[in-house]
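Spelled out from the first residue to the last, the chains are:
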Amino acid sequence: MIPEIEKLLNEQVKYEAKASAQYLSMASWADTNGYNGVADFFYTQSEEERVHMIKLVKFINERSGKAIVPAIDKPRDDFKSLTDLFETFLESEEFVTAKINNIIYECLQLKDYNVHNFMQWYVAEQLEEEATARTLLDKLKIIGEDKSGHYLFDRDINTMQTTGQAN
Ligand code: OFO
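Each value, and the rule that gives it
- Residues numbered from 1 in each chain as written.
- Predicted model: local features only at pLDDT ≥ 70, side-chain atom pairs only at ≥ 80, totals over all residues.
- Heavy atoms only, no water.
- Phe/Tyr/Trp six-rings, centres within 6.5 Å; stacked < 30°, edge-to-face > 60°.
- Helix = DSSP H or I, 4+ residues; strand = E, 2+ residues; numbered from the N terminus.
- Buried < 20%, exposed > 50% of the residue type's maximum accessible area, 1.4 Å probe, protein only.
- Contact = heavy atoms within 4.5 Å.
- Polar contact = N/O pair within 3.5 Å; in protein donor to acceptor, adjacent residues only side chain to side chain.

Participant: Would you mind going over the packing of aromatic side chains with me for this structure?
Facilitator: Aromatic ring pairs are reported here in terms of the distance separating the ring centres and the angle at which the planes meet. Inspection of every chain in the model, using the stated rule, returns 15 aromatic pairs. Seen from their ring centres, Phe 42 and Phe 86 are 5.2 Å apart, and the 50° between their planes marks the pair as tilted. With a gap of 44 residues between them, Phe 42 in helix α2 (residues 36-62) and Phe 86 in helix α3 (residues 82-109) connect regions that are remote in the sequence. We classify Phe 42 as buried; its relative accessible area is 0%. Aromatic side chains Phe 86 and Phe 89 sit 6.2 Å apart centroid to centroid with 80° between the ring planes, which places their arrangement in the edge-to-face category. Placement of both Phe 86 and Phe 89 in helix α3 is noted, with a separation of three residues, approximately one turn of the helix.

Here's what the structure looks like:
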């Protein structure tokens, strides 16, 4: 594996781990603030990011690289509101998308079409997750400060059809 690409993939392992920890922290915040539906949503998101991380770890090792399990900082654990929570979700996804795009760019520069091909799965995943985050945030903006709106959002979040329902 090209060393520059291996380094970038290992950095990506860390970003997926950070996203997983951040979403677990968000699930916990939601759980302790009475939003059980939102908590379930983020427990699932956290698990998915962990799966994304492991997929990278295995890929690096299979291609005779060495995957590094990273140390990560404590995630943010206090949020002003549901809107703040979902803004954090969208920012996190946009950050990860930018990092994935950078890997794609470097793969093309270094002619690593193998990794380029592998990373297409992440490109598609990010498209879906960003769309989900935007759709949910848009709904929260419509709801505003309305408490009964928040109640319904929490009740329905896991059955809502979002543009890019994360899988
Ligand atoms: Fe790993 O899928 Fe989003 O961040």
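That shown, we press on.
Participant: What's the story with the environment of Gln 126 in this structure? I'm lost.
Facilitator: By the secondary structure assignment, Gln 126 is in helix α4 (residues 113-143). As for Gln 126 and Glu 49, which are separated by 77 residues in sequence, their C-alpha atoms are 11 Å apart. Residues contacting Gln 126, with those up to four places away along its chain left out, are Glu 93, Val 96, Thr 97 and Ile 100. Among the polar contacts made by the side chain of Gln 126, one reaches the side chain of Thr 97 at a distance of 3.0 Å.

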